[in-house]
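Observations on chain architecture
Each chain, letter by letter, is given below.
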Amino acid sequence: MDKREVDVAIIGAGTAGLVAYRQAARATDRVVLIEGEQYGTTCARVGCMPSKLLIAAAERAHDVRHAGQFGVHVGDVQVDGRAVMERVRRERDRFVEPVVKAAEALPEEHRLMGHARFVGSHRLVVGEHTEVQAGRIVIATGSRPHIPAPFKGAKDRLIVNDDVFDWQDLPESVAVFGPGVIGLELGQALARLGVRVRLFGVDGGIGGLQDGKILDRARRIFAEELALSLSAKTETITRTDQGVEITFSEDGRTNTETFDYLLAATGRRPNIDHLDIQNAGIELDDKGMPEFDPYTLRCGDSHIFIAGDVNNDRPLLHEAADEGRIAGKNAGTWPDVRTGLRKTPVSVVFSDPQIARVGYTLAQVGERCQGCFAVGEVSFDNQGRSRVIAKNAGLLRVYGEHGSGLFMGAEMLGPAAEHLAHLLAWAAQQRMTVKTMLEMPFYHPVIEEGLRTALKGLNRNLQMGPEQGDECMECGPGG
Ligand SMILES: Cc1cc2nc3c(=O)[nH]c(=O)nc-3n(C[C@H](O)[C@H](O)[C@H](O)COP(=O)(O)OP(=O)(O)OC[C@H]3O[C@@H](n4cnc5c(N)ncnc54)[C@H](O)[C@@H]3O)c2cc1C
Ligand SMILES: NC(=O)c1ccc[n+]([C@@H]2O[C@H](COP(=O)([O-])OP(=O)(O)OC[C@H]3O[C@@H](n4cnc5c(N)ncnc54)[C@H](O)[C@@H]3O)[C@@H](O)[C@H]2O)c1
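Residues numbered from 1 in each chain as written. Chains lettered and ligands numbered in written order. Predicted model: local features only at pLDDT ≥ 70, side-chain atom pairs only at ≥ 80, totals over all residues. Heavy atoms only, no water.

Section: the sheet that holds strand β10 (residues 196–200)
Here is the rule: A pair of strands is considered paired only if DSSP assigns at least 2 bridges between the two. Secondary structure elements follow DSSP: runs of H or I of four or more residues count as helices, runs of E of two or more count as strands, with numbering from the N terminus. Contacts were defined at the residue level, with two residues in contact if any of their heavy atoms lie within 4.5 Å. To get an axis, fit a line to the C-alpha atoms, keeping to the stretch in contact for a helix; angles then go from 0 to 180 degrees between the N-to-C directions.
The sheet built from five strands is open, its strands ordered β8-β15-β9-β10-β11 with parallel pairing. Looking along the sheet, the strands with just one partner apiece sit at the ends: β8 (158–159) and β11 (227–229). Alignment of strand β9 (residues 173–177) against β10, held across five bridges, turns out to be parallel. Looking at the pairing, Val 174 lines up with Val 197 of β10. The sheet contacts of helix α6 (residues 181–192) involve β9, β10 and β15 (261–264), and relative to β10 the element is tilted by about 160 degrees.

Some words on the site of ligand 2
Operational definition: We call a residue near a given molecule or strand whenever any one of its heavy atoms falls within 4 Å of it. Here a polar contact is taken to be a pair of N or O atoms separated by no more than 3.5 Å, where protein atoms must pair a possible hydrogen donor with a possible acceptor and residues adjacent in sequence count only if both atoms sit in side chains. Each accessible area value is a Shrake-Rupley result obtained with a 1.4 Å probe; residue values ignore everything except the protein chains displayed when judging cover.
Within the structure, ligand 2 sits among 21 residues, and Ile 182, Glu 185, Gly 267, Pro 315 and Val 348 are positioned closest to it. Between an oxygen atom of ligand 2 and a main-chain N or O atom of Ile 182, the distance comes to 2.8 Å. Note that an oxygen atom of ligand 2 is positioned 2.7 Å from one of the backbone N or O atoms of Pro 315. Surface burial for ligand 2 is 73%, taken as the share of its 840 Å² of free accessible area covered by protein chains.

Some points on the pattern of salt bridges
Operational definition: Any Lys or Arg side-chain nitrogen found within 4 Å of a carboxyl oxygen on Asp or Glu counts as a salt bridge. Summary of the burial criterion: residues with accessible area below 20% of their type's maximum are buried, those above 50% are exposed, and those between are partly exposed, where the area comes from a 1.4 Å probe applied to protein chains only.
Per the counting criterion, the structure on display carries 38 salt bridges. In this structure, Arg 90 engages Glu 86 in a salt bridge whose closest nitrogen and oxygen atoms are separated by 3.3 Å. Of this pair, Arg 90 and Glu 86 both sit in helix α4 (residues 81–104), four residues apart, roughly one helical turn. Overall, Glu 86 belongs to the partly exposed group, its relative accessible area being 36%. Ionic pairing is found between Arg 452 and Glu 449, a salt bridge with its closest N-O pair at 3.5 Å. Of this pair, Arg 452 and Glu 449 both sit in helix α13 (residues 448–461), three residues apart, which is roughly one turn of the helix. Using a relative accessible area of 11% as the deciding quantity, one classes Arg 452 as buried.

Quick look at the UniProt feature "domain: FAD/NAD(P)-binding" (unreviewed entry) in the protein chain
Under the convention used in this document: UniProt positions are given in the numbering used here, feature names are shortened, and annotations may be inferred rather than shown by experiment.
The UniProt feature table records "domain: FAD/NAD(P)-binding" (unreviewed entry) at residues 7–324. Counting secondary structure, residues 7–324 comes out at 30% helix and 25% strand; the distance between its end C-alpha atoms is 17 Å.

What about unusual backbone geometry?
In this chain, Asp 352 is followed by Pro 353 through a cis amide linkage whose omega measures -5 degrees. Of note, Pro 353 is situated in the loop between β18 (346–349) and β19 (354–359). In this chain, His 444 is followed by Pro 445 through a cis amide linkage whose omega measures -5 degrees. Assignment of secondary structure puts Pro 445 in the loop between α12 (434–438) and α13. One non-glycine residue with positive phi stands out, namely Lys 155, at about 50 degrees. Position of Lys 155 relative to the elements: it lies in the loop between β7 (143–145) and β8.

Let's talk about the nonpolar core
Which entries qualify depends on this criterion: Side-chain atoms within 4.5 Å link the members of a nonpolar core, which is a set of buried Ala, Val, Leu, Ile, Met, Phe, Trp, Tyr and Cys residues.
By size, the foremost hydrophobic cluster in this structure holds 39 residues, and its most contacted members are Leu 54, Leu 184, Leu 190, Ile 206 and Phe 222. Among the elements of the structure, α3 (48–65), α4, β9, α6, β10 and α7 (212–223) are those that each provide at least two residues to this core. Setting aside chain neighbours within four positions, we find Leu 184 in contact with Gly 178, Pro 179, Leu 199, Ile 206, Gly 207, Phe 222, Leu 226, Val 349, Ser 351 and Ile 355. The next biggest cluster of nonpolar side chains, apart from the first, holds 28 residues, and it includes Ala 356, Ala 374, Leu 420 and Ala 421.

What to know about the UniProt feature "active site" (unreviewed entry) in the protein chain
Sequence positions flagged by UniProt for "active site" (unreviewed entry) are, in local numbering, His 444. Take His 444: it is sitting in the loop between α12 and α13. The class for His 444 is partly exposed, based on a relative accessible area of 34%. If we skip the residues at most four places from it in the chain, His 444 touches Glu 449, Gly 476 and Pro 477. In terms of polar contacts, His 444 uses its side chain to reach the side chain of Glu 449, at 2.7 Å.

Comments concerning the sheet that holds strand β21 (residues 395–401)
Across a sheet, strands are paired by hydrogen bonds formed along the backbone, either parallel or antiparallel in direction. Taken together, the five strands give an open sheet; going across it, the order is β18-β19-β22-β21-β20, and neighbouring strands pair in antiparallel fashion. Edge strands, defined here as strands with exactly one partner in the open sheet, are β18 and β20 (373–379). Taking the axes of each pair of neighbouring strands and ignoring which way they run, one obtains an average angle of 10 degrees across the sheet. Examined bridge by bridge, β21 and strand β22 (residues 407–414) share six bridges and lie antiparallel to one another. Bridging from a neighbouring strand, Leu 395 pairs with Leu 413 of β22. With respect to the sheet, α7 is in contact with β19, β20, β21 and β22, its orientation differing from that of β22 by roughly 15 degrees.

Structural notes on empty space enclosed by the protein
Applicable threshold: Both cavities and pockets are sets of points on a 1 Å grid over the protein atoms alone; in a cavity a 1.4 Å probe fits but cannot get out, in a pocket the set is open with protein on both sides within 12 Å along at least five of seven lines, and lining residues sit with an atom within 4 Å of a point. Grid points are joined across faces, edges and corners, and a volume is the space filled by probe spheres set on the points. For this classification, the nonpolar set comprises Ala, Val, Leu, Ile, Met, Phe, Trp, Tyr, Cys and Pro, the charged set comprises Asp, Glu, Lys and Arg, and every other residue, Gly included, is treated as polar.
This model, assessed by the stated rule, comprises two cavities of 30 Å³ or more. Space inside the largest cavity adds up to approximately 50 Å³. Together, Ile 55, Ala 58, Glu 59, Glu 185, Gln 188, Ala 189, Arg 192, Phe 350, Ser 351 and Asp 352 line the largest cavity. Looking at the lining of the largest cavity, the elements with two or more residues in it are α3 and α6. Top element by residues in the lining of the largest cavity is α6. It accounts for four residues. Split by residue class, the lining of the largest cavity holds four nonpolar, two polar and four charged.

Now the structure itself:
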């Protein structure tokens, strides 16, 4: 077995690992980046990018199908599944290629291929061919789809997100299990591309929504175009000659439906369990997860750091990059360990309508403000700009603290939520009050005027602003 001695070893060359490597390499040349499978990152290969490419095709199909409401008639819409998937794969590969090239361009002595596992708190065995002795270690091994045991009944027709993006053509039907972020995004996109889809859930949730009022609205809106079984009990899953036969009961009735594939989108599991983490000498919680400080990414007071999806804290791309930066810097400068900037939480689901969340959830606001908070809201049903573009569906709710008037968080289902969420996240990170936010400019006619309506309501409910009537006299029509 080869032996290597380094100051910093980074396990996993995904987004968190690559960013950690760059930071650590500023402090020492004795650094190694270990990858067990392939370069290219989850985000580019099987995550953010290919999913958004599929959604983009679905949006075009949907818009064309609904052009008639504007008096624009385009005839029958033909979805060419082969061409759709060809573009998804081609563009996906364009995103992956520079990431792979950047990793391959790293100095040879800084790279190691093979699955890493701990054999001591400073010692790793990589691919059973190299032993690495490391002063500090960054764990950045990402996550993988969780597959409940009963799904195995689908046999060769059981798929996960990774498989979808390698399809040559679109199938006739897919049963999507898990109406969370991945299931909703992919399920809606496939349905809009003409695939027969049923979205199966267990607890009535959809898109990860936390605010009950918005969740109710979401269930209604998505049910208009998707077959939803959000609180179904699955009785059997069987591979038959026709595909995957699923028997499920719901609202006292039992149904059987057959699909080409069963797509498991029932959450992801951190890649911690194949690392022999028990040999690392760090504190583990009752689920076997390392205890760590989210501001330094350090595990206890050890020389080990954990960044990205693997720590299961904020499994999103920009968070993986931020965490990689903090962990890599600290691993490089250890024992001088500093807290890094953690940004206001923001997440976006690229469904239609989009879903987004900023700052604290409704439940967290209740806890932090000890019940002393208020809510403002706007429905997009009659919001001017949203109606103009026929995207007038959804609800936005904003939360603020009594007394301080601070903006605390928001959840939304509606048009341009990806943009509204950024405005709100920037306001939250700047610790703005609702009153200050209302002093910002709002153009007319734009979707942001809906946000203003919600903020005005919040200000009123916080009893901080001047008394206002229901009508906004300075607003343009539909504001
Ligand atoms: C379908 C889908 C859509 C998504 N869409 C979005 C989105 O729109 N926006 C967003 O913000 N986030 C999105 N995400 C989440 C985002 O992709 C992840 O948060 C992010 O990619 C995590 O990066 P990471 O560096 O932690 O892990 P990864 O990029 O997965 O990197 C981990 C690396 O570690 C390697 N590895 C694992 N174990 C070992 C080992 N023992 N030894 C050596 N190497 C190992 C793996 O091979 C892998 O290369 C999506 C995810 C999915 C699945
Ligand atoms: N737009 C984005 O930013 C984006 C897109 C995709 C993924 N992601 C990231 O990936 C993570 C994982 O996504 P995900 O959708 O796999 O997980 P998730 O936690 O969002 O959703 C899992 C869903 O599966 C349901 N479920 C669990 N067991 C089930 C069962 N046996 N049958 C049916 N349903 C079941 C859960 O109730 C939940 O609704 C997300 O939390 C997010 O961080 C982000």
